[in-house]
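Below are the chains, spelled out letter by letter.
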Amino acid sequence: MLTAALNPDPNIAARSWREWAAAMPLEDVTSPEMRLLPAVHANLAKLVPTLDLPKKIHGLARMTFAKSWHLVFRSSGIIAELSRFCPVLLVKGLGMLVRFDAWSSRPMADIDIHVPPSALGGALDILAQSGWKPCHGMTFESLKHRSSLRRESWNFDKGHGNLDLHWRLSAADMDGTLESQMWQTAEPVEFAGQKLLLQSPEYAFVTSLHHGFLRGHRSDLLQTVVDAAWLLPHCNDDVLLRLIRKADLSKQAADLTEYLRVVGAPCKIPTSTRGGEEGRQTRPSHRPLPTETALLHRPSLYRLWNALGRRSRIEHVLLKWMGPFSKPLNPRPPRSEYDLRDCAMIDEIAGPGWSWPEPDHSCFWTDRIDARLLIPLSSLDDHLIILSLQDRVSANAQIDIFANGVFITRKHLGARLASAACCLMVPRRLLFGPWVEISLRPRPYLGASEDRSTALSAPARRLRVLNLQNLTDFFSGHEVPQPYVRILKGEQPYVSKFARIEAKIKNSPLKGSSELPAKFDPLKYIFSYPDLFEHEVDPYEHFLMFGRHENRAYY
């Protein structure tokens, strides 16, 4: 397919297409190959206009044209608003379409634009005021103060529009010089009645190379090969070579050169011909992770504590006399339960050390050597805190857990973590006020790198906070429910059963029924009766159909 899309020889391109089409029915084409078909259509239509292509291919090209302009139409208003506030750079798919006028030959999943890092806060405010929402449950506050330190972009949607806002180049830009030079070399362009900017061909090439070969999926890699073949004739060899070295992409550039050679594209990526230090690729060391100052009461004191080796005795004294380190983005009154998959609840109690929402809403990862939760309490009393974890692979398998600077327990996650819970007993003597600050510290910590997995440690799902009165009410009058205990221990099949029951509770069409008592507690109801747990019933449905008539307890 790449040969059919890029080779300039009509006979070779047509023969490659016939060979591929004979081996692959269009109905069986996978997503990565489907993404290349518009480029194949464009090359063959130019080289061999008499070639009889399937009508589906012509239709796909027309659909690509329509979808691209539909995305532009949905996003043009917000781009105009942003461009009045700060410079806006067209990057990735949109940059390619504008540069090459390739609206029917280069598909685009979203609109990619880049704003200066210093303008991110204002740009997010404009998006919020215009009704755009961050994807995957992200909140604007968390994106502005937490995730923007970890990521280079985030997607937003509004209706059928999808905007991918970039504010920083990749982590390979250690000192920020690439970012500065990208803006200095940007080319002015008028698009949809607006004066905007395009990345230079060299920066567009490096951006695509990094995304396709390091960050993206197979379809992104294939699209990068096509984009690179289009961009290379417009690149200055010396500038591009320096930029590839600076971005630490020499190996990926060599791999791309081999792809282009195999498919016969008439483009060669420049390489160094000199030996010695200049020709040797060296990988820069990663700069220190930025301090999450918006999530700390006293950032300088926190830095000092980190520099002293994060000693728990020092921490305990500091928390006693200076208050908690953490400053959550959106604190609220105490709750008895927190869904930590929800970014809004992370904003309520999380301090530094938490990453960003998982697209599947399965968990919220910690990703620093110290991840904190500042949990408000309803009373100065003994408390049981239950932290539920998700079934995910964790690079940092051993985590020490502290409460107000005092070691509580050590959790061994292992190579594969079964859904389990950490039970943290926090006695009254550890409290300095109606709050407790939990710290999760992987030992040892592999550290952050281009591979995000080395930074991840605890995949948190849920947090329950029970004081002495809650515990008494919960267990009063009967024994501790055995399924509950076994779930806390991570035993199967109880964990799997509980996960399926949780899903039924979450998706039950009856959970908002006006016939349910105000105090109805679905978890208490299900744990109070072993037969209900064993048969994995929907507690709302069972109570309304049978439980209330059988006078079963429900709170």
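Residues numbered from 1 in each chain as written. Predicted model: local features only at pLDDT ≥ 70, side-chain atom pairs only at ≥ 80, totals over all residues. Heavy atoms only, no water.

K.L.:
In this structure, what is going on with the overall build of the chain? I would like to understand it.
P.N.:
Broken down by element type, the chain carries 22 helices and 17 strands. Per-residue burial over the chain gives 52% buried out of 555 residues. Entry remark: accessible area of the chain is about 25900 Å², with carbon and sulfur atoms responsible for 54%. (Helix = DSSP H or I, 4+ residues; strand = E, 2+ residues; numbered from the N terminus. Buried < 20%, exposed > 50% of the residue type's maximum accessible area, 1.4 Å probe, protein only. Areas by Shrake-Rupley, 256 points an atom, 1.4 Å probe, with all protein chains shown as cover.)

K.L.:
What is the right way to look at the pattern of salt bridges in this model?
P.N.:
Pairs can form between side chains of opposite charge whenever their charged atoms are close. Considering all chains together, one arrives at 31 salt bridges under this definition. For the salt bridge of glutamate 33 with arginine 218, the shortest nitrogen-to-oxygen distance reads 2.7 Å. Of this pair, glutamate 33 sits in helix H3 (residues 31–47) while arginine 218 is found in helix H10 (residues 218–231), placing the two residues 185 residues apart along the sequence. In this structure, aspartate 112 engages lysine 92 in a salt bridge whose closest nitrogen and oxygen atoms are separated by 3.8 Å. Of this pair, aspartate 112 sits in strand S2 (residues 111–114) while lysine 92 is found in helix H5 (residues 92–100), placing the two residues 20 residues apart along the sequence. Exposure remark for aspartate 112: the relative accessible area of 3% places this residue in the buried category. Given the relative accessible area of 23%, lysine 92 is considered partly exposed. Here the salt bridges share partners, and the residues they tie into one network are Glu315, Asp370, Arg372, Glu437 and Arg441. (Salt bridge = Lys/Arg side-chain N within 4 Å of Asp/Glu carboxyl O.)

K.L.:
I tried to follow helix H8 (residues 177–184) on my own but got confused; where do I start?
P.N.:
In an α-helix, one full turn covers 3.6 residues, which means residues spaced three or four apart are oriented alike. Residues of H8 that are buried include every one of Leu178, Glu179, Met182 and Trp183, and no others. Buried residues of H8, viewed axially, fall in a sector of 135 degrees; they line one side. Residues of H8 that are buried in the fold lie against strand S1 (89–90), S2, strand S7 (194–198), helix H9 (201–215) and helix H11 (237–246). (Arc of directions from axis to C-beta. Contact = heavy atoms within 4.5 Å.)

Function-wise, these values are silent; they only describe arrangement.
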